[in-house]
Amino acid sequence: MKLKLQINPVTLKELRQLVRSRIILWGMVALPIVLLIAMIVVLSDDMHGMSPMEVMYGNSLGEGPLNVTTLITAIVTCGLIPLFTCIKTMIETSRTNERLEFTTALTSSQIASGKIAAAAIISAIAVALAMPFFALSYLMRGIELSTTVAIPVLLLLGGTATTALGLLPACSRRSIVWKILLLILLGVAVWLFSAIVVAVMNIGNSGVHEIVASILLSLAGAFAAIFLPVATTAYCRAQAAAELAPPHTDFNRPLRITQLVVFAASVPLVFAADEEESMLWGIAWIAIAGMIALCAGFSPTPVTRGAILHSPRSKILRVLAFPFATGSVPSMVFAILLATAAAAVMALRTYITLDFDYAKKIIVFMYECGAVAIAAGALARMSLAGNARIANVIGKIGLAYIVIVNLFIFLAEVHVVSEEALALVPCYLFGVVQMFEVHVPIAVAMGVGAVVLLFCAAGIDFTRWWKAPTRASNGNVNEDKLVWRQH
Amino acid sequence: MKVEVTNLVKTFNRGFRAVDDLSFSFSSGEVIGFVGPNGAGKTTTMRIMATLDTPDSGDITLDGVSVLDHPDEAHRLIGFMPDDLPSRTDTTVDEYIDFFARAYGLRGAAIRRAVEGVEDFTGLTGFRDRTLNALSKGMKQRVSLARALVHDPAVLILDEPANGLDPRARIELRELVKALGENGKAILISSHILTELEEMCSSSVIIERGRRLKAEVEASSEVWIKLRFLPAVNENALPILLETPGVIAAEPSGNGWRVKTASGDEAAAALLGKLSARNLVPILFEPELGKLEDIFMHVTKGNLA
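Residues numbered from 1 in each chain as written. Chains lettered and ligands numbered in written order. Predicted model: local features only at pLDDT ≥ 70, side-chain atom pairs only at ≥ 80, totals over all residues.

**Remarks on the overall build of chain A**
Formally: Numbering goes from the N terminus for both helices and strands, where a helix is a DSSP run of H or I of at least four residues and a strand is a run of E of at least two. Each residue is classed by its C-beta neighbour count within 10 Å, where at least 20 other C-beta atoms makes it buried, 12 or fewer makes it exposed, and intermediate counts make it partly exposed; the C-beta atoms are placed from backbone geometry. Throughout, a pair of residues is in contact if the C-beta atoms placed from their backbones lie within 7 Å.
A count of helices and strands for chain A gives 19 helices and zero strands. Evaluated residue by residue, chain A yields a buried proportion of 43% over its 487 residues. The long-range share in chain A, meaning contacts at least 24 apart out of those at least 6 apart in sequence, stands at 79%.

**Considerations on the overall build of chain B**
Looking only at helices and strands, chain B has 11 helices and 14 strands in total. Principal axes of the C-alpha set define a box for chain B whose edges measure 65 × 45 × 30 Å. Relative to its full complement of 305 residues, chain B shows a buried share of 43%. When contacts within chain B are restricted to residue pairs at least 6 apart in sequence, those whose partners lie at least 24 apart make up 70%.

**Some words on the sheet that holds strand β4 (residues 57–62) of chain B**
Sheet strands associate in pairs through backbone hydrogen bonding, adopting either a parallel or an antiparallel arrangement. Condition: Two strands make a pair as long as DSSP finds a minimum of two bridges between them.
Ordered by their spatial adjacency, four strands build an open sheet running β2-β1-β4-β5 (chain B), and the pairing between neighbours is antiparallel. The open sheet is flanked by β2 (17–27) and β5 (65–66) of chain B, the only strands paired with a single partner.

**Digging into the sheet that holds strand β13 (residues 256–262) of chain B**
Residue and element names in this part refer to chain B. Rules: Think of each axis as a best-fit line through the C-alpha atoms, taken over the contacting stretch in the case of a helix, with angles from 0 to 180 degrees between the N-to-C directions.
Pairing within the open sheet is antiparallel, and its four strands lie in the order β12-β13-β11-β14. Looking at strand neighbours, the two that pair on one side only are β12 (249–253) and β14 (284–287), the edges of this open sheet. For this sheet, the mean inter-axis angle between neighbouring strands, taken without regard to orientation, is 25 degrees. Examined bridge by bridge, strand β11 (residues 222–228) and β13 share six bridges and lie antiparallel to one another. Residue pairing for β13: I225 is matched across the bridge by V259. Where helix α10 (residues 265–277) meets the sheet, its contacts fall on β11, β13 and β14, and the angle it forms with β13 comes to roughly 130 degrees.

**Topic: the interface of chain A and chain B**
What counts, and what does not: Ten residues, namely Ala, Val, Leu, Ile, Met, Phe, Trp, Tyr, Cys and Pro, are considered nonpolar, four, namely Asp, Glu, Lys and Arg, are considered charged, and the remaining ones, Gly among them, are considered polar.
Listed as interface residues are 28 residues of chain A and, on the opposing side, 29 residues of chain B. Secondary structure elements with two or more residues in the side of chain A that touches chain B: α1 (9–20) and α12 (305–309) of chain A. With six residues, the single largest contributor to the side of chain A that touches chain B is α1 of chain A. Along the lines of polarity and charge, the residues of the side of chain A that touches chain B split into nine nonpolar, 10 polar and nine charged.

**Focus: unusual backbone geometry**
Not every positive phi belongs to a glycine, and D21 of chain B is a case in point at roughly 55 degrees. Exposure remark for D21 of chain B: the 14 C-beta atoms within 10 Å place this residue in the partly exposed category.

**Some remarks on the packing of helix α2 (residues 22–46) of chain A against helix α5 (residues 108–139) of chain A**
All names here are of chain A. This is how it is decided: Note on terminology: angles under 35 degrees are roughly parallel, angles over 145 are roughly antiparallel, angles of 65 to 115 are roughly perpendicular, and the others are oblique. Crossings are sorted by hand: turned counterclockwise from the far helix by less than a right angle, the near helix makes the crossing left-handed, and turned clockwise it makes it right-handed.
Packing of α2 against α5 brings their axes to within 10 Å, and their N-to-C directions diverge by 15 degrees. Between α2 and α5, the interaxial angle falls into the category roughly parallel. In the packing of α2 onto α5, the handedness of the crossing is right-handed. Along its contact with α2, which presents I24, M28, L31, P32, L35 and M39, the element α5 presents I122, I125, A126, L129, A130, F133 and L136. Split into classes, the residues belonging to the contact of α2 with α5 amount to 13 nonpolar, no polar and no charged.

**Some details on the domain arrangement of chain B**
The extent of an interface is frequently quoted as the accessible surface area lost upon association of the parts. The line we're drawing: What counts as a domain boundary in this text is fixed by an automatic or database domain assignment.
Assigned domains within chain B: domain 1 (2–218) and domain 2 (222–291). Centre-to-centre separation of domain 1 of chain B and domain 2 of chain B, based on C-alpha positions: 37 Å.

**Notes on the environment of D46 of chain A**
Residues and elements named next belong to chain A. By the secondary structure assignment, D46 is in helix α2. Taking C-alpha positions, D46 is 7.8 Å from G64, a pair spaced 18 residues apart along the chain. When sequence neighbours within four positions are dropped, the list of residues in contact with D46 reads L61 and G64.

**Structural notes on the confidence of the model for chain A**
All names here are of chain A. What counts is decided by this rule: In predicted models, pLDDT denotes the confidence assigned by the predictor to each residue on a 0 to 100 scale.
With 67% of its residues at a pLDDT of at least 70, chain A reaches an overall mean of 74. Mean pLDDT in chain A bottoms out at helix α19 (residues 471–474), which sits at 46, and peaks at α5, which reaches 90. Predicted confidence is poor over residues 426–432, with pLDDT under 50, and the contacts of this stretch with residues over four places away or in other chains come to seven contacts. Note on residues 472–487: pLDDT under 50 across the span, and 27 contacts to partners over four residues away in sequence or across chains.

**Points about the pairing of β12 of chain B**
All names here are of chain B. Inspection of the sheet shows β12 paired to β13 by five bridges, in the antiparallel sense. Within the sheet, the bridge partner assigned to S253 lies in β13 and is G256. The loop that links β12 with its antiparallel partner β13 comprises two residues; one of these, G254, has a positive phi angle of about 65 degrees.

**A word on helix α10 (residues 252–272) of chain A**
Since the α-helix turns once every 3.6 residues, residues separated by three or four places project in the same direction. Residues and elements named next belong to chain A. We apply this condition: Working rule for helices: expected span equals 1.5 Å times residues minus one. Each residue is assigned a bend, namely the angle between axes fitted to the seven residues that terminate at it and the seven residues that start at it.
Compared with an ideal rise of 1.5 Å per residue, which puts 21 residues at 30 Å, α10 spans 31 Å between its outermost C-alpha atoms and is within 8% of the ideal. By the largest-angle criterion, A265 marks the main kink of α10, which is about 25 degrees, and a proline, P268, follows within four residues. What α10 keeps buried is the set N252, L255, R256, Q259, S266, L269, V270 and A272.

**What about the packing of helix α3 (residues 93–103) of chain B against helix α4 (residues 109–121) of chain B?**
Residues and elements named next belong to chain B. As a packed pair, α3 and α4 sit with axes 9 Å apart at the nearest point and diverge in direction by 130 degrees. Between α3 and α4, the angle is such that the two are oblique. In this structure, α3 meets α4 at a crossing whose hand is right-handed. On α4, the residues touching D94, I97, D98, A101 and R102 of α3 are I111, A114, V115, V118 and E119.

**Details of the environment of D21 of chain B**
Residue and element names in this part refer to chain B. Mapped onto the elements of the fold, D21 is located in strand β2. Linking D21 and G58, residues 37 residues apart in sequence, is a C-alpha distance of 7.6 Å. Excluding anything up to four places from it in sequence, D21 contacts N7, V9 and R211.

Given below as structure tokens:
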């Protein structure tokens, strides 16, 4: 059987454009020159005062060239190429003519993948140009061959992950504030995961070759080092594809599945890391859940007709598939389930080892933020669905409740830490309070309130989800039955 | 292929209804003019049809299949030419069309066949290696049309294709659209140049503030033709004109005449032959246009957005 390999048209187009770009072209020409100059400077400094015999047979001089080659190549692969790709994508998504690829047979996943793949290929060329300098570093002694091989691979993976991360705000049609928020929250999650990776590999203040050597030495280290860029790429690619997809389609389902897979794959990190660092894992997932809840809460769209069309035939499966459907309420339900799952894993980890007050406070705080976002989103959804009066009344009650409860916390804090109360006001405004004991029931109450509101809002969407005729239910959707209104 | 737009509604921020319960339909072989003042909702409707936008409610179906529910199938059936023209410094005409051929799922030799076919049809063969930004506006329009045609769609949506073109380019575009209509494509075309639309469209849909106005311009079975003869003959031409077979009515118009006859090129040629046979050789012989303009001005009067 003849195997037909079909290159992604977007990759081909992006590559054609990238190789024609003067920035990329001159960057590729400049890279070896800059590396050569940097190598000469580093080596002349390291060799200063050495005799020719010492240079030839004595000291290990490889570390300096390796560090500088890694740094310069990283600037190109993890900085310039992702930046160029993202700016180009941002310009493209703002022009009607450039959006025409969305009217073709290409899926949004193919478009996102194509852009990431093109950037990865250009990064690979940059890494290939730097390979003689990595080889030279190895020949200068003091560096293991495996390290010399592993660094370019990690640079390539890191560059691809950075491109995927940067592509996310570039692909998004949200406002600039939302784009920045999205990037910050995901950036925080990646940073937290990086901290776990550093902890797992025990590479606090090590040099490049020591870091890579430790990755190669331990299975957990290798897993952590590969997991981070691969998971970031997969997650950001799925999120970028969801951002690019037409609004009425079922674009969230692949994203939710990816999130779940990344979540499951990251669980071993909790158990590989120390107690304190493992808390970062929990915080990272609570941050991601909070981001999902925030995005869903402040864009109160109904369950899309694409989602309804693709809902499963079986009623049980339909209930289970609801959190994976596209729409603000299912997204909020998914966020709650994800946070609960993260909390469960953390509880298991904490049960095995120790209890950390600090982490609990942060997790409770993130729960509160998520609860407020979910409550606001649920109210907005109810309002848009035609229950404006009920939403208005509940909203006012909720607002009064939050004000009263927080006033109560503030007064309690003043009572406990009277002399520090004024200094604590800025912290308090962001929900960071000293009285954890008071905070827990409040957080629980807010969570319950948010869930009740979400339940009310979900009633609207879930009924449509439950009753809707689907393509899956009858093999071929009956268009006459699919009466659809936005609200 | 029947295209049906049903109760389409699209609201933008602050409750502005760009499209308000709009319904119309057209079929293969029809060229439909989509007319309306600026801000009437033409581009929004066309973008929704091309799946670049989503309506608040309503639907668009192609032979009964919803464009919104089955966008992948719709993409293969619809060719969209936006009013925004392609302009890149890093892409040639050939690469641009080649990308879209691949993006529409063409494979292997079919890609080159399709690309060269549309380049030939739109007269781009001599320009295939030029970058997009080095093309004139007329050539960019051709590239845009070639891009919309590369996957041989059954439905064509052309948004202001003649905008900013010189007279020659307009005439060439008109001929291309006519040829496509005769090839059995269902074509929706918007333009502000109503006389041109009238020449190439079988009927028109007029919208204003997102709503369809109750005036549909069907291609008439009769047409008025302007005539003028040499001064010696001109003054006494009326009785001969009225006696000529094929002339339904005749009346003075300026320093010449206007006669009503059956529409179509064949009828016009027959009339010209009969007039020549009666030694009545015209120095001016042209069909009267402007019906669509009149209707447009009448129905949209005072309601411009």
